[in-house]
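Structural description and commentary
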Amino acid sequence: MSAATEVTNGQQDPKSRQEEEVGKKGRHSAVGHKSLLQSDALFQYILETSVYPREPAPLQELREMTANHPWNLMTTSADEGQFLMLLVKLINAKNTLELGVYTGYSLLSTALALPEDGKIIAMDIHRQNYELGVPFMKKAGVHHKIDFREGQGLTLLEELMQDEKNLGFFDFAFVDADKDNYLNYHERIIKLVKVGGLIGYDNTLWNGSVATPDDTPYPNMVPVGDGITLCRRIQ
Ligand SMILES: C[S@@+](CC[C@H](N)C(=O)[O-])C[C@H]1O[C@@H](n2cnc3c(N)ncnc32)[C@H](O)[C@@H]1O
């Protein structure tokens, strides 16, 4: 209860209680709800009318399983998953990278959007959460597209770069791991994606907290989920 809703005798003002009830109803309950929209009810409306009806069943099941996981706030939201699928299809991506897997909502979204012979190298410091998602990847018939690698993101990227074949090879990369390393990741991933390839960095609006008066907005910022910064390799 906010201070404003308390009345002097310690009881809650009935009108304020009613307002709180309305507020609760309007508040979406979706897991991974890093929406920047002003109204939670509006976000719920978007999910229910546009996102959930088109969400493939294995993705829905993975989302519901993840909702019961103690770290469920980490998951990519369903609207962002749908946006990633669109990006992957638009650029006809075949070989992709993902850094920061958790239970795999963004990974499964990407895998579903790739062609049958597409491949994703998926990297995370912990394998155990990815393993929770594997049955859903198998059910979706896309597990064969995924090459999961466990370890520190920087180490795994360095390993990839040691093989010359990987330089300029990948069509798309999605980065959703430790934010402090984003610049270090970028220095490496920009060499791994091909010219014309796309990189998406998640959470770059950080729940709106980046919008301080001194901040210069990123040029390719998409206010989906918690903000995705898109970078296209141009040379
Ligand atoms: C926000 S979650 C990823 C969510 C995921 N994209 C999804 O759709 O559910 C961040 C992940 O980054 C991983 N991570 C954190 N630090 C890392 C590091 N240094 N190297 C590799 N992975 C890391 C965590 O284990 C966690 O699974």
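We now turn to the structure provided with this report. (Residues numbered from 1 in each chain as written. Predicted model: local features only at pLDDT ≥ 70, side-chain atom pairs only at ≥ 80, totals over all residues.)

1. A few points about the nonpolar core
Counting residues in each nonpolar core, the largest one holds 44 residues, and the members touching the most others are Leu 108, Ala 111, Ala 122, Ala 173, Val 175 and Ile 189. With six residues, the top contributor of residues to this core is helix H5 (residues 105-113). With residues up to four places along the chain from it excluded, the contact list for Ala 173 reads Thr 96, Leu 97, Ile 189, Val 193 and Ile 199. (Core = buried A, V, L, I, M, F, W, Y, C linked by C-beta atoms within 7 Å. Buried ≥ 20, exposed ≤ 12 C-beta atoms within 10 Å, placed from the backbone. Helix = DSSP H or I, 4+ residues; strand = E, 2+ residues; numbered from the N terminus. Contact = placed C-beta atoms within 7 Å.)

2. Observations regarding helix H8 (residues 182-192)
The α-helix advances 3.6 residues per turn, and as a result positions three or four apart in sequence lie on the same side. Listed as buried for H8 are Tyr 185, Ile 189 and Leu 192. Angular distribution of buried residues about the axis of H8 spans 45 degrees; they occupy a single face of the element. Exposed positions of H8 whose direction lies more than 90 degrees from the buried face are Leu 183 and Glu 187. (Arc of directions from axis to C-beta.)

3. Describing unusual backbone geometry
Even without being a glycine, Asn 92 presents a positive backbone phi close to 55 degrees. Here Asn 92 shows up in the loop between helix H4 (78-90) and strand S1 (95-99). The phi dihedral of Tyr 102 is positive, around 55 degrees, even though this residue is not glycine. Assessed through the 23 C-beta atoms surrounding it within 10 Å, Tyr 102 is described here as buried.

4. Considering the site of the ligand
Residues in contact with the ligand amount to 19 residues; listed here are only the nearest, Thr 76, Gly 100, Tyr 102, Ser 106 and Gly 153. Of all the secondary structure elements, the ones that give two or more residues to the shell around the ligand are H5 and strand S2 (119-124). In terms of residue class, the shell around the ligand is built from seven nonpolar, nine polar and three charged. (Near = placed C-beta within 6 Å. Nonpolar A, V, L, I, M, F, W, Y, C, P; charged D, E, K, R; others polar.)

5. Concerning the pairing of S2
Among the six residues that make up S2, five are buried, leaving the element largely enclosed by the rest of the structure. In terms of strand pairing, S1 meets S2 through five bridges, oriented parallel. Bridge pairing links Glu 98 to Ala 122 in S2. Between the parallel pair S1 and S2, the chain is carried across by H5, and the sense of this crossover is right-handed. Pairing of S2 with strand S3 (residues 146-150), which is carried by five bridges, proceeds in the parallel orientation. (Pairing = 2+ DSSP bridges. Right-handed = clockwise from strand over helix to strand, strands pointing away.)

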